[in-house]
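Below, each chain spelled out in residue letters.
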Amino acid sequence: MLEKAKYSWQAWVIPCIVILIWFVLGATGRLNAGVFPTIGEVWDAFLYLTGKGLLTEHIIDSLSRVLVGFGMAIVVGVPLGILMGWIPASQIWFGPILHFLRQVPPTAWIPLFLLWFGIGEGSKFAVIFYASVFPIAINTALGVQQIPNEYWEVSRALCLPAGKTLTKLILPGSFQAIFTGLRLGMGMSWRALVAAEMLASSSGLGYLIMSSRSLARVDEMLVGIAAIGFIGMFIDILFVGVQKRMLPIWQLRSEPVRGEVHGETSPAVGKRLQEVQ
Amino acid sequence: MARPVLQLENVSKKFNDGDGRGTIVALQNMDLAIQEGEFVTIIGPSGCGKTTMLRIMAGLTAPSSGRCLYKGKEVSGPSLERGYVFQDPRLFPWLTVLDNVRLAGNKGERFLAKMHLSEFKNAFPHELSGGMAKRVALARALAPEPDVLLLDEPLTNLDLSTRSSLQKELHNIWQQGVTCILVTHDIDEALTLGTRLILLSQRPAVIQHDIVFDLPFPRNLKSEECQHWRQKIVDLTMGVAY
Ligand SMILES: Nc1ncnc2c1ncn2[C@@H]1O[C@H](COP(=O)(O)OP(=O)(O)OP(=O)(O)O)[C@@H](O)[C@H]1O
Ligand SMILES: [Mg+2]
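Because the structure is predicted, anything quoted here is derived from the model rather than measured.

### A closer look at the site of ligand 1
Residue and element names in this part refer to chain B. Surveying the vicinity of ligand 1 reveals 14 residues, the closest of which are Gly47, Lys50, Thr51, Thr52 and Arg203. At a separation of 2.5 Å, an oxygen atom of ligand 1 approaches a polar side-chain atom of Thr52. For ligand 1, whose free accessible area comes to 640 Å², the fraction covered by protein is 66%. Breaking the shell around ligand 1 down by element, the ones donating at least two residues are strand S1 (6-16) and helix H1 (50-58). Among the elements that make up the shell around ligand 1, the one with the highest residue count is H1 (three residues). Per-class residue counts for the shell around ligand 1 are three nonpolar, eight polar and three charged.

Pasting the structure below:
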């Protein structure tokens, strides 16, 4: 959806109107600088923050936290999901606790994580991990369970060993769902991270907003908000793009996956067709 | 007589029906012994339990009562010694044709060549016609070089020429020493390939007739002998809706 939005002019209409109104309100002196700065002031704040390298630093700090926490969530979530999908009996063990924990928002844990993992990076990693591990594990498990029974029977009839069942059946068969889980998890962890940085941190985009608040710099707060939104959007577009590129050829050719694949065929597909002819 | 390669001993199979209250009896007290080197064809009305019978022999399902023996040992699960060709091809859509047939054995490529599909080895299943997909499924079942091949209507819904070329292929496989058990709806197919024909009743499947053909190969369906058998089988199946 986002991808389509990127390419169409309609996507720019509302943002342009908003910016125009904002500009006009500022130019006619109707904005109270302490509460709502003009667009020019926000732009100046942006230039100031990037000029001093502060914004980049905060962004890098936030992103590297996400990378570590999200990586841990993949390492735990995907195998856990595969286990639950592959051996449904294991759900008796993990299912209820997972569904309990998933109902508790990651932000609710922040005070406890601070206590347990310190105000340093540990608590941020924990929040990100917590935010993304459930979508990853649950979507992976669903994906594995949605692999048609017919294919499981083939793997039984061919006496495939566990390793081959994993690489030839389970992973490719649940690829879509795993990726959806990763995408959802990434969105969750980005949001949770900002919350964690607002509560206790000395760097990162969340910290930028909180510290600007104590300095009453509304312009810088808005820069922080914009950065969070744009980067989150960018990451999501990145995920869609990667998912599209990694979509196996057979899926590109047969049916688009929930409208996220658009018309064009990849060069790999063209090549494949030539080979077959 | 030698020890049978496959044997059903008083096998019954019951299923819970849709809402779980009643039970469906698919097989009832079935006894059957299949010798090595036979080409057994099975004909029976739709839904009578043919697939269920094959699945039990393969070890994909356990009988509700009775035993299924393979070379004298009770079958407890699938084995590469018993190749199984499903009613639908069931190729993994994410693997190329070659990777599909290689799933269970490095000989896959050779059997792909035997099925005249070598040039499609890098294609994906969705790029194949129905007949090609069935040939790939057959190559996949043959790749582990099974002693017994269980075939669930592998040739239905194929055009005549694909069908007859695949029949030749099955005949060759059988001649190389693979015991074949073929479920079919087609009397001519049974006459072309089989050394034995088992006629099943309506559900629950009971063996109604067990006929051994001692006709030489290749069979000429137009010959007097074949026509005689054909008429006989048609008569036997009258009254049972096939
Ligand atoms: N897993 C199952 N659960 C419940 N009922 C089943 C199951 N498998 C088969 N049956 C029932 O058992 C009966 C026999 O099924 P089976 O698939 O063996 O028939 P078939 O002779 O192969 O039919 P066809 O010629 O249509 O392929 C059918 O009534 C079917 O509904
Ligand atoms: Mg059947």
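### Some remarks on the coordination of the magnesium ion (ligand 2)
Residue and element names in this part refer to chain B. Taken together, the protein ligands of the magnesium ion (ligand 2) are Thr51 (OG1) and Gln87 (OE1), with distances of 1.9 to 2.6 Å. Here Thr51 is found in helix H1, whereas its partner Gln87 is found in the loop between strand S6 (82-85) and helix H2 (97-101), with 36 residues between them in sequence. Residue classification places Thr51 among the partly exposed residues on the basis of a relative accessible area of 26%.

### Concerning helix H5 (residues 91-103) of chain A
All names here are of chain A. For H5, with 13 residues, the first-to-last C-alpha span of 17 Å sits near the 18 Å given by 1.5 Å per residue. The complete set of buried residues in H5 reads Gly95, Leu98 and Leu101. End-on, the buried residues of H5 take up no more than an arc of 150°, which puts them together on one face. Projecting away from the buried face of H5 at angles above 90 degrees are the exposed residues Ile92, Pro96, Phe100 and Gln103. Structurally, H5 contributes buried residues whose contacts are with helix H4 (54-86), helix H6 (106-117) and helix H7 (121-145).

### Concerning the domain arrangement of chain B
Residue and element names in this part refer to chain B. For chain B, the assigned domains read domain 1 (6-81 + 146-237) and domain 2 (91-144). Look at where the C-alpha atoms of domain 1 and domain 2 centre, and you get two points 24 Å apart. Tallying the contact residues gives 15 residues for domain 1 and twelve residues for domain 2. For the pair domain 1 and domain 2, the summed buried area comes to about 1000 Å², and 71% of that belongs to carbon and sulfur atoms. Looking only at domain 1, the three residues that lose the most surface to domain 2 are Pro146, Leu166 and Glu169, adding up to 38% of its buried area. The tally of links between domain 1 and domain 2 comes to zero salt bridges. Along the contact surface separating domain 1 from domain 2 lie three residue pairs in polar contact (both at pLDDT 80 or more). Mapped by element, the contributors of at least two residues to the side of domain 1 that touches domain 2 are strand S7 (148-152) and helix H5 (160-175).

Conventions we followed
- Residues numbered from 1 in each chain as written.
- Chains lettered and ligands numbered in written order.
- Predicted model: local features only at pLDDT ≥ 70, side-chain atom pairs only at ≥ 80, totals over all residues.
- Heavy atoms only, no water.
- Near = heavy atom within 4 Å.
- Polar contact = N/O pair within 3.5 Å; in protein donor to acceptor, adjacent residues only side chain to side chain.
- Areas by Shrake-Rupley, 256 points an atom, 1.4 Å probe, with all protein chains shown as cover.
- Helix = DSSP H or I, 4+ residues; strand = E, 2+ residues; numbered from the N terminus.
- Nonpolar A, V, L, I, M, F, W, Y, C, P; charged D, E, K, R; others polar.
- Donors = N, O, S within 2.8 Å, 3.2 Å for Na, K, Ca; no water.
- Buried < 20%, exposed > 50% of the residue type's maximum accessible area, 1.4 Å probe, protein only.
- Expected span 1.5 Å × (residues − 1).
- Arc of directions from axis to C-beta.
- Contact = heavy atoms within 4.5 Å.
- Domains from an automatic or database assignment.
- Buried area = accessible area lost by both parts, 1.4 Å probe.
- Salt bridge = Lys/Arg side-chain N within 4 Å of Asp/Glu carboxyl O.

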